Amino acid sequence: MKVLAVCGLGQGTSLILKMNIEQALADRGIGADVEHTDVSSASNMDADYIITGTELAESLTDHQAKVLIVNNYFDMDEINKVIDENLVN
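Residues numbered from 1 in each chain as written. Predicted model: local features only at pLDDT ≥ 70, side-chain atom pairs only at ≥ 80, totals over all residues. Heavy atoms only, no water.

Novice: Could you give me a rundown of the overall build of the protein chain, with the residues and numbers involved?
Specialist: Within the protein chain, the regular secondary structure consists of 4 helices and 4 strands. When its helices and strands are written in sequence order, the protein chain yields β-α-β-α-β-α-β-α. Against the globule reference of 12 Å for 89 residues, the protein chain gives a C-alpha radius of gyration of 11 Å, in line with a compact fold. When the backbone C-alpha atoms are referred to their principal axes, the protein chain occupies close to 30 × 25 × 20 Å. A buried classification covers 44% of the 89 residues belonging to the protein chain. (Helix = DSSP H or I, 4+ residues; strand = E, 2+ residues; numbered from the N terminus. Rg over C-alpha atoms; globule rule 2.2 N^0.38 Å. Buried < 20%, exposed > 50% of the residue type's maximum accessible area, 1.4 Å probe, protein only.)

Structure below.
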């Protein structure tokens, strides 16, 4: 499974989101390739899931990946909830 953590510039906040996603997945024993990137690069990358904020999600509606919304990239409760609702079988 490939997951993209996406922010506007692909630098700091997407890196934090990436690390938090990796932690949430590891806590559940889910293996995934998680990358962080900017919104324009993400539109041309292959992925199963894209995790990003509401504003950026609107730019990714044509992507084949399922786009998941996390409004606070630092909130582990919100990230865990999104992971549980969408990636845990």
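Novice: Account for the pattern of salt bridges, naming residues and giving values.
Specialist: One pass over the full model with this rule turns up 4 salt bridges. The residue Lys-2 makes a salt bridge to Glu-35 at a minimum N-O spacing of 2.8 Å. Residue Lys-2 is located in strand S1 (residues 2-7), and its partner Glu-35 is located in strand S2 (residues 33-38); the two are separated by 33 residues in the primary sequence. Among the ionic pairs, Lys-81 bridges to Glu-85, the shortest N-O distance being 4.0 Å. Within this pair, Lys-81 and its partner Glu-85 are both found in helix H4 (residues 76-86), separated by 4 residues, close to a single helical turn. Glu-85 matches Lys-81 in its accessibility class, with the two residues each being exposed. (Salt bridge = Lys/Arg side-chain N within 4 Å of Asp/Glu carboxyl O.)

Novice: Give a detailed account of the sheet that holds strand S3 (residues 49-52), specifying residues and quantitative values.
Specialist: Two pairing modes exist for strands in a sheet, parallel and antiparallel, and in both the strands are linked by backbone hydrogen bonds. Strand order in this open sheet of 4 strands is S2-S1-S3-S4, and the pairing throughout is parallel. Of all strands in the sheet, those with a lone pairing partner are S2 and strand S4 (66-69), marking the two edges. Between one strand axis and the next, the sheet turns by 25° as a mean value, whatever way the strands run. (Pairing = 2+ DSSP bridges. Axes fitted to C-alpha atoms, helices over the stretch in contact; angles between N-to-C directions.)

Novice: Please set out the side chain of His-63 residue by residue, giving values where relevant.
Specialist: Structurally, His-63 is set in the loop between helix H3 (54-57) and S4. Judged by its relative accessible area of 10%, His-63 falls in the buried class. A distance of 2.9 Å separates a polar side-chain atom of His-63 from the backbone nitrogen of Ala-65. Discounting residues that sit within four places of it in the chain, His-63 has contacts with Ala-42, Ser-43, Met-45, Ala-47 and Ile-50. (Polar contact = N/O pair within 3.5 Å; in protein donor to acceptor, adjacent residues only side chain to side chain. Contact = heavy atoms within 4.5 Å.)

Novice: Kindly report on the nonpolar core, identifying the contributing residues and their values.
Specialist: By size, the foremost hydrophobic cluster in this structure holds 28 residues, and its most contacted members are Leu-17, Ile-21, Ile-51 and Ile-83. Looking at this core, the elements that each hand over two or more residues are S1, helix H1 (12-27), helix H2 (39-42), S3 and H4. (Core = buried A, V, L, I, M, F, W, Y, C linked by side-chain atoms within 4.5 Å.)

Novice: An account of the environment of Val-70 is needed here, citing residue identities and associated values.
Specialist: Position of Val-70 relative to the elements: it lies in the loop between S4 and H4. Judged by relative accessible area, which is 1%, Val-70 ranks as buried. Considered as a pair, Val-70 and Gly-53 are 17 residues apart in the sequence and their alpha carbons are 5.2 Å apart. Among all residues touching Val-70, those that are not within four sequence positions of it are Leu-17, Ile-51, Thr-52, Gly-53, Glu-78, Ile-79 and Val-82.

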